[in-house]
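Results of the structural survey
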Amino acid sequence: MYAENHTKGDRMKKLLSKTRAAIDRYGMLGQNEKIAVGVSGGKDSLVLLRLMAALREFHPARFGLAALCLDPCFGGKAADYSGVESLCSELDVPLIIKRSRLGEIIFEERGEKNPCSLCARMRRGILHNMALEAGCTRLALGHHMDDAAATFWLNLTSGSRIGCFSPVTYLDRKGITLIRPMIFCREREISAAAVRLGLPVMKSACPADGCTQRAAAQNILIQLEKNYPDLTGKIIAAMQSGNISGW
């Protein structure tokens, strides 16, 4: 039992170290602010919530937290967030759940063949408003290093441009700052942590889950890394050295 708990602790320490490094490098936190964490119920957002709750205990920028869940109600059904509710109660983080018609609008009313872009825009807009209504000045999103590399790859191969999402983005029209604290964490590390911590990961009910361009790009990079070790890390390093998109 000791060895198992020690391993869990080591994994969390490693992720905490990488998360704090990203936060400090890019100045993601201000003093005494309230941070909203976008929680979908997937492994990335739940690990992010755990990390931010842990950092809240000792980071110099004393901050508060709130968890925001936006339920798209895919198939016209409300998702069961009882596991997330229990986790938030354990972490002493208030949880706000908002039900929406996103699933119905995108897949039934509009019948989008490529729904991800529209869905992402609509979700972001609602989450931004939820964060402001909760009195939060910053919204933390669960994007990690593999997401960043895949976005860079998609922009290069499909958009004919060199760019990525930024570690920190200030939305002047909303007056809110988006932060991505896990950008130095690899997806495999996050997945392993979610399992070992026993987090209540929810299976996505989205009809397009696993069939997105981002998922395809990540699979390509996984295959390329067999011949080019740490390709993902090298893409991140290249963006940093070139100051691409604020990296």
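Our structure is the block above this text.
Per chain, residues are indexed from 1 in the order of the written sequence. Side-chain atom pairs in this predicted model are given and counted only at pLDDT of 80 or more, local residue features only at pLDDT of at least 70, and totals for whole chains, interfaces and linings cover all residues. Calculated side-chain values reflect all of the structure's heavy atoms, with hydrogen atoms and water omitted.

1. Some remarks on the nonpolar core
For the record, the criterion: Buried Ala, Val, Leu, Ile, Met, Phe, Trp, Tyr and Cys residues that are joined via side-chain atoms within 4.5 Å together make up what is termed a nonpolar core. Residue burial is assigned from relative accessible area. The probe radius is 1.4 Å, only protein chains are included, and a residue is buried under 20% of its type maximum, exposed over 50%, and partly exposed in between. Going along the chain from the N terminus, every DSSP run of H or I of four or more residues is numbered as a helix, and every run of E of two or more is numbered as a strand. Only heavy atoms enter the contact rule, under which two residues are in contact if any of them lie within 4.5 Å.
One finds Leu49, Met52 and Trp247 to be the most contacted residues of the largest nonpolar core, which totals 55 residues. Here the element with the most residues in this core is helix H2 (residues 43-55); it accounts for eight residues. Look past the residues within four positions of tryptophan 247 in its chain and what remains in contact with it is Arg25, Tyr26, Ala148, Cys164, Phe165, Ser166, Pro167, Ile183, Phe184, Ile236, Met239 and Gln240. Counting 18 residues, the second-largest nonpolar core is a separate cluster that includes Ala36, Ala66, Leu68 and Leu171.

2. Things to note about the pairing of strand S6 (residues 176-179)
Within a regular strand, side chains alternate between the sheet's two faces. Short version of the rule: By definition, two strands form a pair when at least two bridges between them are found by DSSP.
Going residue by residue along S6, you find Ile176 and Leu178 tucked away on one face and Thr177 and Ile179 tucked away on the opposite face as well. Summarising the sheet, strand S4 (residues 138-140) and S6 pair through three bridges and their orientation is parallel. Its bridge partner lying in S6, alanine 140 is registered against isoleucine 179. Sheet analysis places strand S5 (residues 168-171) next to S6, joined by four bridges and oriented antiparallel. Across the sheet, the residue bridging to tyrosine 170 is threonine 177, located in S6. Hairpin remark: S5 followed by S6, antiparallel, with four residues in the connecting loop; positive phi at glycine 175, about 75°.

3. Quick word on the packing of aromatic side chains
In plain terms, the rule: Note on aromatic pairs: the rings of Phe, Tyr and Trp (six-membered ring only in Trp) are paired at centre separations within 6.5 Å, and the planes decide the class, stacked below 30 degrees, edge-to-face beyond 60, tilted for the rest.
Taken as a whole, this structure holds three aromatic pairs when the rule is applied. With a centroid separation of 6.2 Å and 55° between ring planes, the pair formed by tyrosine 26 and phenylalanine 184 is classed as tilted. Of this pair, tyrosine 26 sits in the loop between helix H1 (2-25) and strand S1 (34-38) while phenylalanine 184 sits in the loop between S6 and helix H7 (187-196), and the two are 158 residues apart along the sequence. Here tyrosine 26 falls in the buried class, since its relative accessible area comes to 16%. Aromatic side chains tyrosine 26 and tryptophan 247 sit 6.3 Å apart centroid to centroid with 75° between the ring planes, which places their arrangement in the edge-to-face category. Placement of tyrosine 26 in the loop between H1 and S1 and of tryptophan 247 in the segment after helix H9 (231-241) is noted, with a sequence separation of 221 residues between them.

4. Overview of unusual backbone geometry
Located in the positive-phi region is cysteine 73, a residue other than glycine, with phi close to 55°. Mapped onto the fold, cysteine 73 is located in the loop between strand S2 (64-71) and helix H3 (82-91). You will see that aspartate 92, though not glycine, has its phi angle at about 60°, which is positive. The residue aspartate 92 is located in the loop between H3 and strand S3 (95-99) in this model.

5. Notes on the sheet that holds S3
The criterion, for reference: Geometry is summarised by axes, namely lines fitted to C-alpha atoms with helices restricted to the contacting stretch, and by angles between N-to-C directions that run from 0 to 180 degrees.
Strand order across the open sheet formed by six strands is S3-S2-S1-S4-S6-S5, with mixed pairing between neighbours. Only two strands of the sheet have a single partner each, and these edge strands are S3 and S5. Between one strand axis and the next, the sheet turns by 25° as a mean value, whatever way the strands run. Examined bridge by bridge, S1 and S4 share three bridges and lie parallel to one another. Within S4, the position partnered with isoleucine 35 by the bridge is arginine 138. Here H3 sits on the sheet in contact with S2 and S3, set at roughly 155° to S3. Contacts from helix H5 (residues 116-133) reach S1, S2, S3, S4, S5 and S6 within the one sheet, and its direction differs from that of S2 by about 145°.

6. Focus: the state of the cysteines
Filter applied, for reference: Throughout, disulfides are identified as pairs of cysteine sulfur atoms within 2.5 Å of each other.
Counted under the stated rule, the structure contains zero disulfides. With no disulfide of its own, cysteine 88 lies closest to cysteine 69 among cysteine sulfurs, the gap being 6.6 Å. Judged by relative accessible area, cysteine 88 falls into the buried class, the value being 2%. No disulfide involves cysteine 185; its nearest neighbouring cysteine sulfur is the one of cysteine 164, lying 15 Å away.

7. Some points on the environment of leucine 51
Take leucine 51: it is sitting in helix H2. The exposure class of leucine 51 is buried, given its relative accessible area of 0%. For the pair leucine 51 and leucine 15, spaced 36 residues apart in sequence, the C-alpha separation works out to 7.7 Å. For leucine 51, the contacting residues outside a window of four places in its chain are Met12, Leu15, Leu16, Thr19 and Met182.

Note that all results are geometric; they support no functional claim without further evidence.
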